[in-house]
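Understanding the architecture of this molecule
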Amino acid sequence: FRRVLFRKEVEDADDYRLNPTLLRLCSADKKKFCKDVKPGMGRAKQCLEANRKRPGFSAECKAKFEEMMARRASDFRLDSKLREECRDDIEEVCGYEKDSLDSVAGYDGRVIECLQDYKDELAVPSCQAAVHKLTERAAEDIRMDRPLADACFEDRMKLCPGVEPGSARVIRCLQEQRTNLTYECRATLFDQEVRFAEDIDFQYPLKKACIAEMELFCKKVPHGHGRIIKCLQAHDSSKQMSTECRTEVKRGEAREHEDYRLNYRVNKACDMEIDSLCPDVCSPFQGQACKGKVMSCLMENMRKITSQECKQELIPSIKTEVKDVSISPLLKLACKKDINTYCSGTTEKSQSIACLQNHEKELAKMCRVQVDKLTKLEMGNIKLNSQSDKCKEEMAVFCKGVDAGGARMYRCLNENKNKPDFGAPCKSTLTQRTNVLNKSWDLDFLMTKHCSADVNNLCAEAKSAGKESAEGQVLGCLANNYPAIQSKKCQKRFGAKFFNTMSNADGQKSPIGAPCREDVYEICNRLDAPIVCLAGTDKPITNAACAAMVDSVRNSKSEMNTFNKMLTANEQIKKVFSSMTNSAKEMDDIQSKKMAAFKEKFNVHVDEKHLRKTGNTRFLNKEGKSVKDLVDSSISDRQKGLKEELAKSRAARSEQGVTVTGWVALAGIGALVVCIVGGFVYLYRKFTGQDKVGQYTMVVKGGDI
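Note that the structure is a prediction, hence the values are computed from the model and not measured.

With that settled, the discussion passes to the overall build of the protein. Along the protein, the regular secondary structure elements total 40 helices and two strands. Here the protein holds 705 residues, and 43% of them are scored as buried. Considering only contacts in the protein between residues 6 or more positions apart, those separated by 24 or more positions represent 57%.

If you want it as C-alpha cells, here you go:
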C-alpha cells in the first residue's frame, strides 16, 4: 500500500491537476497569475511557486503549495523538473545514492544532498540551475531543507517556538542559539552553513540587506564560488555601504574566521595545504567550528604554503583581522581584557591591530603572542597592512610588477620614498612599519629567515631576556656585533635595516643606530640625515661596528642610488638654509644696533645672570631693579588712579542729577518750545470757538417724496 501511495505521488508530481486539493485551492490563482501557462511537465507548478509571494495570491493555496514543496525537497523523485533535468547527472555523479534509496518509503534526501555537494561537477547547465534553486529555497525556509528540519525539530520547538518559517528566520534563530542546540542539530546546521557559503543567493539576510551594494560595488561580479561575498567584504569600509549591509557583512566575516570551511574560497583553494600543514589541528568530522585554529595554523605556515591561489585567498582574511581585532576568535579570546582596556573605541584605528601594537608593553603574555603572530605577517606583506591603500599610487608608479610577499614591496617602496612624487601618507606608513620592526628583531620576516643562527650565536643572552625586557636588545646586540655576523644574507638584511633606520632623523637614537651615536654627534650637522652624513664623509668613523655598517651601505648598489638622491636633496636644503642663515645674520646685526641704542638712551643693561639661567633677556636700571617690573608697577599705579578718578566722577553726577550737553540738549529745548506753543494755540481756539467752524448738521425732511 505504501509503495502504491508513493508511486502515485511521484506520478502526480508532473501536474497539479492530479492533486485534487491543489486543484481546488489553486485554480483561481492559476487563472490570475499563470493564465497562459499550460499544465503538465510541472510548468504550472513552477509558475504558481514563483508567484506565491505576490500580493493577491491566496493564503490557502500558498500554504498547501509550500507543504508540497517541503515534501518535494525530501526526495528528488517528487520533483519532476529536477528529475528530468538531472537524469544523466544523477546516474553519473550520484548513482550510488540513487541505488541505495528505499523504493517503497521514499522521502530520502541523499540524492539531493549529493547534487548540492557536487554541483560544480554536474555536466548539464539546466541541472545546475535547478539544484541552485533548490539550495536557495532551503537557505530561506527550513521546511525546504529536510535534513535540517528533521535534525532540529525539537530544538526549533523549544528555542524558536514563535518564529514563523520563511526569510531564513528559523535558521537565524537556530544560529543565535547555537550553544544551546543538541549535538545532532548543531552538526547538521554547521554542515548546511558550509554548503550555503558557496553563494550569496544561499545567504538570504545578507542578500536582502545588500541589494543596493551588490549593484553598486559588484555589478559585474558573477554569482557563485563566494565571489560576491568577497566583493562586499572588500568594500566593507566604504561610506557608501549602508549600516544594515555592513552589519551583515561583518557578521559573515566573523563567522568565517571561526572555521575555514565557512569561507568557501579558502576551503577550496587551501584544501591540500591544510591536509599537509595542519592535519591534526581540527577534525572536519566534529560537526562544529574549529574556533579559528586552522586559519591560525595556515597563517603561521604562510611561508611553507606552495599554492599561490591559497596565499591569495588567505590575504583578505588576514587583512580583516589586522583591521578588526575582534574578528579573530583566538585573538579575541587571548586579548579580551586588553581590547576592552585599550581598544574599545569605535574608530577604525582603535579597532585595528595597531591599537594593540601601541600598547605592547602592557599586554598580557598570551595576547602579546597572538599580536606578534599577526604583526609578523603584516610586516612581511604590504597587502596585509590596514594602511596599504595609502601606498596604492606609489606601488603602481614606482613598484609596478613587484610581488608583495617576502617584504619585497616594502623594500621597493623604501628605496623610492625620497623621490619628489612620493606621497607623504605612504611615507608615514613606511615610517610606522620601521618603528614597529625596530621594537623586536623577530617581527621582521627577512631577519627571522636569515639571522636566526647569528642571533642564537651572538645574542643568546639578549634573546633569553624575554620580550618584556629585551625589546630592541637583540637588534642592538646585532648592531654592536655586525662585523662578527657570519651569514652574508643576514649582513645584507641588517645593512638594509641600518640604512632605513639612519635615513630618518635621530636614527642614531634607536638600538640599530646606537653604535654610530658618537660619530653622528662629532661629524654630522643637524641638517643631514645620519646616513647621508656618515656615508658621505671623509672623516674616519671611530666605532668599528658603525664603520662596518656604513661600508655595507656604500657597497650596496641599490642603497647608494637612494643615498645619492638623498644627497642631492640634502644639498638643495643646505642652499636654502644657507640663504636663510645669511638673512638671519643681517637681521641679528640690525637688532643688535637697535638694542645698543635702546640701552644707551634709557641707561639700562642686560641681566646676564638671568639670561644664562633662563635663556630670557631682562633689563636692569642703575639701581639694579628690573625695568619690566618698574614699568608694570607704573602702569598698575596709573590704572589704579584712573579707576579712582572715574569712580569720583560717577558719584558727582549721581548727586547732581542727569546732565545733557551738545546736540542732545539742543534737541530737548526745541521739543519743549514746540510743545508750549502748540498748547497756547489749542487753548486760544477753544475759548474763541474757532474749533467749531466748518461743522454742520444734516436734516432729513419727512413726508412723501
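And the narrative resumes.
Under the defined criterion, the tally for this structure stands at 19 disulfides. Bridging Cys-278 to Cys-297, the disulfide has an S-S length of 1.9 Å. One disulfide, between Cys-278 and Cys-297, carries an S-S torsion of -95° and so falls in the left-handed class. Of this pair, Cys-278 sits in the loop between α19 (271–277) and α20 (293–300) while Cys-297 sits in helix α20, and the two are 19 residues apart along the sequence. Accessibility expressed as a relative area gives 10% for Cys-297, which makes it buried. At a sulfur-sulfur separation of 1.8 Å, the disulfide partner of Cys-282 is Cys-290.

It is worth spelling out a nonpolar patch on the surface at this point. On the surface, a cluster of nonpolar side chains totalling about 270 Å² of accessible area is made up of Ile-669, Val-673 and Val-677. For Val-677, a relative accessible area of 48% puts it in the partly exposed group.

Moving on to empty space enclosed by the protein. Under the defined criterion, the tally for this structure stands at six cavities of 30 Å³ or more. Approximately 390 Å³ is the volume found for the largest cavity. For the lining of the largest cavity, the secondary structure elements donating two or more residues are α12 (169–176), α13 (183–196), α14 (204–209), α16 (227–234) and α17 (243–258). In terms of residue count, α17 provides more of the lining of the largest cavity than any other element does, five residues in total. Taken together, the residues of the lining of the largest cavity break down into eleven nonpolar, four polar and seven charged. What the second largest cavity holds in volume is close to 100 Å³. Contributions of two or more residues to the lining of the second largest cavity are made by α8 (110–117), α9 (125–140), α10 (146–151) and α13.

So, about helix α28 (residues 408–416). Spacing of three or four residues puts side chains on the same side of an α-helix, whose turn is 3.6 residues. For α28, the complete set of buried residues consists of Met-409, Tyr-410, Cys-412, Leu-413, Asn-414 and Asn-416. Where α28 is buried, its residues touch α26 (365–380), α27 (392–398), α29 (424–437) and α33 (488–502).

This next bit is on the packing of helix α30 (residues 445–458) against α33. Interaxial distance between α30 and α33 falls to 8 Å at its minimum, and their mutual angle equals 125°. The angle between the axes of α30 and α33 places the two elements in the oblique class. Crossing of α30 over α33 shows left-handed handedness. Touching Leu-446, Met-447, His-450, Cys-451 and Asp-454 of α30 are Lys-489, Cys-490, Arg-493, Phe-494 and Lys-497, all from α33.

What the rule picks out here adds up to three aromatic pairs. Its end group placed over the ring of Tyr-410, Arg-433 keeps NZ or CZ at 3.7 Å from the ring centre.

The next subject is the packing of helix α3 (residues 43–51) against helix α4 (residues 59–72). The geometry of α3 relative to α4 is characterised by a closest axis approach of 11 Å and an angle of 115° between their N-to-C directions. Pair α3 / α4 crosses with left-handed handedness. For the pair α3 and α4, contact is made by Lys-45, Leu-48 and Glu-49 and by Phe-65, Met-68, Met-69 and Arg-72, respectively. Partitioned by chemical class, the residues of the contact of α3 with α4 number four nonpolar, no polar and three charged.

Turning next to a positive patch on the surface. There is a patch of like positive charges on the surface, built from Arg-303, Lys-304, Lys-376, Lys-449 and Lys-489. One can find Arg-303 in the loop between α20 and α21 (308–323).

Although it is not a glycine, Ser-167 sits at a positive phi angle of roughly 55°. For Ser-167, a relative accessible area of 24% puts it in the partly exposed group. Of note in this structure, Lys-291 is not a glycine but carries a positive phi near 60°. You can call Lys-291 partly exposed: its relative accessible area is 48%.

Here we take up the confidence of the model for the protein. On average, the protein scores 81 in pLDDT, and the residues at 70 or more come to 76%. Contacts for the low-pLDDT stretch residues 572–584, under 50 throughout, to residues beyond four places or in other chains number six contacts. Contacts from residues 693–705, a stretch scored under 50 in pLDDT, to residues over four places away or in other chains number zero contacts.

This part covers the environment of Asn-416. With respect to the helices and strands, the residue Asn-416 is situated in helix α28. Assessed through its relative accessible area of 9%, Asn-416 is described here as buried. Linking Asn-416 and Cys-399, residues 17 residues apart in sequence, is a C-alpha distance of 8.7 Å. In this view, Asn-416 contacts Phe-398, Cys-399 and Phe-422; residues no more than four positions away in its chain are not counted. A distance of 2.8 Å separates a polar side-chain atom of Asn-416 from the backbone oxygen of Cys-412. A polar side-chain atom of Asn-416 sits 2.7 Å from a polar atom in the side chain of Lys-419.

Applying the stated criterion across every chain, the model contains 34 salt bridges. With a closest N to O distance of 3.6 Å, Asp-79 and Arg-72 form a salt bridge. Assigned by exposure class, Asp-79 and Arg-72 land together as buried. Residue Glu-313 pairs with Arg-265 through a salt bridge whose shortest N-O separation is 3.1 Å. Of this pair, Glu-313 sits in helix α21 while Arg-265 sits in helix α18 (residues 264–269), placing them 48 residues apart in sequence. Given the relative accessible area of 13%, Glu-313 is considered buried. One network of salt bridges, in which partners are shared, links Arg-52, Lys-62, Glu-66, Asp-141 and Arg-143.

Quick notes on the rules
- Residues numbered from 1 in each chain as written.
- Predicted model: local features only at pLDDT ≥ 70, side-chain atom pairs only at ≥ 80, totals over all residues.
- Heavy atoms only, no water.
- Helix = DSSP H or I, 4+ residues; strand = E, 2+ residues; numbered from the N terminus.
- Buried < 20%, exposed > 50% of the residue type's maximum accessible area, 1.4 Å probe, protein only.
- Contact = heavy atoms within 4.5 Å.
- Disulfide = S-S within 2.5 Å.
- Patch = residues over 30% accessible without salt bridge, like charges linked within 9 Å, V, L, I, M, F, W, Y side chains within 5 Å.
- Areas by Shrake-Rupley, 256 points an atom, 1.4 Å probe, with all protein chains shown as cover.
- Salt bridge = Lys/Arg side-chain N within 4 Å of Asp/Glu carboxyl O.
- 1 Å grid on protein atoms, 1.4 Å probe; cavity = no way out; pocket = protein on both sides within 12 Å on 5 of 7 lines; lining within 4 Å.
- Points joined across faces, edges and corners; volume = space filled by probe spheres on them.
- Nonpolar A, V, L, I, M, F, W, Y, C, P; charged D, E, K, R; others polar.
- Axes fitted to C-alpha atoms, helices over the stretch in contact; angles between N-to-C directions.
- Parallel < 35°, antiparallel > 145°, perpendicular 65-115°, else oblique.
- Left-handed = near helix turned anticlockwise from the far one by under 90°.
- Phe/Tyr/Trp six-rings, centres within 6.5 Å; stacked < 30°, edge-to-face > 60°.
- Lys NZ or Arg CZ within 6 Å of the ring centre and 35° of its normal.
- Lys, Arg positive; Asp, Glu negative; His and termini not counted.
- Charge placed at Lys NZ, Arg CZ, Asp CG, Glu CD.
- pLDDT = per-residue confidence, 0-100.
- Polar contact = N/O pair within 3.5 Å; in protein donor to acceptor, adjacent residues only side chain to side chain.

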